Amino acid sequence: MAILTAPAPSPSTAAPPASARRSRKIRDNLTGHAFLIGAVLCFALFMWYPMIRGVVMSFQRTRRGETTWVGWDNYTRIIADPSFWTAWKNTFYFTALALVLGFVVPFLVAILLNEFRHAKGYLRVLVYLPVMLPPASALFLFKFYAYDPSEAGLFNAILAGLGLPTSEWMQSPTMTMPAMVIASTWMNMGGAVLIYLAALQNIPGELYEAAELDGAGIAKRIWHVTIPQTRLILALLAMLQIVATMQLFIEPLILANGAGTQDSATSVAYLIYQHGFFQNDLNGAAALGVIMLVVLAAFSAVYVRLSTKENS
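Rules used throughout
Residues numbered from 1 in each chain as written. Predicted model: local features only at pLDDT ≥ 70, side-chain atom pairs only at ≥ 80, totals over all residues. Heavy atoms only, no water. Helix = DSSP H or I, 4+ residues; strand = E, 2+ residues; numbered from the N terminus. Rg over C-alpha atoms; globule rule 2.2 N^0.38 Å. Buried < 20%, exposed > 50% of the residue type's maximum accessible area, 1.4 Å probe, protein only. Contact = heavy atoms within 4.5 Å. Patch = residues over 30% accessible without salt bridge, like charges linked within 9 Å, V, L, I, M, F, W, Y side chains within 5 Å. Areas by Shrake-Rupley, 256 points an atom, 1.4 Å probe, with all protein chains shown as cover. Salt bridge = Lys/Arg side-chain N within 4 Å of Asp/Glu carboxyl O. Polar contact = N/O pair within 3.5 Å; in protein donor to acceptor, adjacent residues only side chain to side chain. Expected span 1.5 Å × (residues − 1). Arc of directions from axis to C-beta. Core = buried A, V, L, I, M, F, W, Y, C linked by side-chain atoms within 4.5 Å. Axes fitted to C-alpha atoms, helices over the stretch in contact; angles between N-to-C directions. Parallel < 35°, antiparallel > 145°, perpendicular 65-115°, else oblique. Left-handed = near helix turned anticlockwise from the far one by under 90°. Nonpolar A, V, L, I, M, F, W, Y, C, P; charged D, E, K, R; others polar. Phe/Tyr/Trp six-rings, centres within 6.5 Å; stacked < 30°, edge-to-face > 60°.

Student: I'd like a rundown of the overall build of the protein, residues and numbers included.
Tutor: Summing up its helical and strand segments, the protein has 14 helices and two strands in all. Taking 312 residues into account, the globule formula puts the C-alpha radius of gyration at 20 Å, and the protein, at 28 Å, lies well above it. Along the three orthogonal principal directions, the C-alpha set of the protein runs to about 115 × 75 × 35 Å. Put simply, the protein has 312 residues, and 33% of those count as buried. For the protein, the proportion of contacts with a sequence separation of at least 24, taken over those separated by at least 6, is 64%.

Now the structure itself:
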């Protein structure tokens, strides 16, 4: 009786030994890590090292080339400075105004553009155009053309034409922050508008039709359909805008020449700039930067915590 035996596998179809598989896996991993090493080095050199160095400097004092460890002295000195609290008050005020104006206006503009049936591409380019301008150029345009305190200024000419009282804008302590928010909103809203447009176009049209059949007006459709369907995008952009606006710097630097009238434009970021470059107090600037880092990290942690609870 013949015994049938399976044919021996050919060398080409035989499974590679374990050592060959391990070496191939190592080569693949090395290839992947080689592509990542450039980005890791850039982050380490330009992001992580300055952050760690800043934290270390905030606990030191450098005088005449000699560095000594002073513990919390820089923090107590910075917090005791009256400008510290003024800067935080102005920063929070700017952030609140930016949420009221700079966060709502792009969303409403996106809703309006989404309703147009013609010239959509042209209108999107028109809205995004300010983002392509250099920030300094845009702010100088506002400073010398729009915010001219005389009636030759654009905004004062509009107010005078409407029979309304004109304003001194950046020379007025009460109008400094609103004026900076208007300029900042005009410069930066283009990117947010495009993101909102992308989110709005993903909303099923059946939801609007059902709401319209139920007798819902425009305001109710926005409140009950548009906002719930774009909730995640709204929350994400709100967090990013708060983090960005709390780092207010270039607007007061150009529009208000730094501190503004009666320190009405002094922000935390500009105060860091003052300590570091005008007062030659790099350790105090580092301490103030660490305080800002802690505040923004605490806000981000609270946001992540609330988002996790809401999505769970």
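Next, the rest of the story.
Student: Describe a nonpolar patch on the surface, listing the residues and the values that go with them.
Tutor: A cluster of nonpolar side chains, contributed by Leu-36, Ile-37, Val-40, Leu-41, Phe-43, Leu-45, Phe-46, Met-47, Trp-48, Met-51, Ile-52 and Leu-293, occupies part of the molecular surface with about 1,200 Å² of accessible area. Sorting elements by how many residues they give to the nonpolar patch places helix α1 (residues 18-57) first, with eleven residues. Relative to the elements of secondary structure, Val-40 occurs in helix α1. On the basis of relative accessible area, Val-40 is assigned to the partly exposed category, the value being 39%.

Student: Please provide a residue-by-residue account of the pattern of salt bridges, values included.
Tutor: What the rule picks out here adds up to one salt bridge. Among the salt bridges present, the one from Asp-281 reaches Arg-77, with a minimum N-O distance of 2.7 Å. Separated by 204 residues along the polypeptide, Asp-281 in the loop between α13 (268-278) and α14 (282-311) and Arg-77 in helix α2 (residues 73-80) bring together distant segments of the chain.

Student: Give a detailed account of the side chain of Thr-185, specifying residues and quantitative values.
Tutor: Within the secondary structure layout, Thr-185 lies in helix α8 (residues 176-200). Within the local environment of Thr-185, its side chain forms a polar contact with the backbone oxygen of Val-181, the two atoms lying 2.7 Å apart. The residues contacting Thr-185, other than those within four sequence positions of it, are Leu-101 and Gly-102.

Student: Before we move on, can you summarise helix α4 (residues 104-115) with the specific residues and values?
Tutor: Compared with an ideal rise of 1.5 Å per residue, which puts twelve residues at 16 Å, α4 spans 17 Å between its outermost C-alpha atoms and is within 8% of the ideal. Taken residue by residue, α4 has Pro-106, Phe-107, Ala-110, Ile-111, Leu-113 and Asn-114 as its buried positions. Taken down its axis, α4 places every buried residue within 165° of arc, on the same side. Facing away from the buried side of α4, by more than 90 degrees, are the exposed residues Leu-112 and Glu-115.

Student: Please provide a residue-by-residue account of the environment of Pro-173, values included.
Tutor: Its place among the elements puts Pro-173 in the loop between α7 (154-161) and α8. C-alpha separation for the pair Pro-173 and Asp-263, spaced 90 residues apart in sequence, amounts to 8.1 Å.

Student: Describe the nonpolar core, and please don't skip the residues or the numbers.
Tutor: In summary, soluble globular proteins display a tendency toward joint burial of nonpolar side chains. By size, the foremost hydrophobic cluster in this structure holds 20 residues, and its most contacted members are Tyr-147, Met-170, Met-180 and Leu-255. When residues of this core are traced back to their parent elements, those giving at least two are α6 (135-146), α8 and α12 (250-255). Sorting elements by how many residues they give to this core places α8 first, with six residues. In this structure Met-170 touches Tyr-147, Thr-176, Ala-179, Met-180, Leu-255, Ala-256 and Thr-261, once residues within four positions along its chain are discounted. Core analysis: the next-biggest nonpolar cluster, separate from the first, contains 19 residues, Leu-113, Leu-123, Leu-200 and Leu-237 among them.

Student: With reference to specific residues and values, describe the packing of helix α9 (residues 205-213) against helix α10 (residues 218-229).
Tutor: Direction vectors running N to C along α9 and α10 enclose 160°, while the axes themselves pass 10 Å from each other. One finds that α9 runs roughly antiparallel with respect to α10. The way α9 lies across α10 gives a crossing that is right-handed. Within the contact between the two elements, α9 uses Leu-207, Tyr-208, Ala-211 and Glu-212 and α10 uses Arg-221, Val-225, Thr-226 and Gln-229. For the contact of α9 with α10, the per-class residue count stands at four nonpolar, two polar and two charged.

Student: So, the packing of aromatic side chains: which residues are in play, and what are the values?
Tutor: All told, the structure shown has 21 aromatic pairs when counted by the stated rule. Ring geometry for Trp-72 and Tyr-75: centres 5.2 Å apart, planes at 55°, overall tilted. Among the residues examined, Trp-72 registers a relative accessible area of 58% and is labelled exposed. Given the relative accessible area of 8%, Tyr-75 is considered buried.

Student: Describe the environment of Asp-214, and please don't skip the residues or the numbers.
Tutor: Inspection of the secondary structure puts Asp-214 in the loop between α9 and α10. For the pair Asp-214 and Leu-194, spaced 20 residues apart in the sequence, the C-alpha separation amounts to 30 Å.

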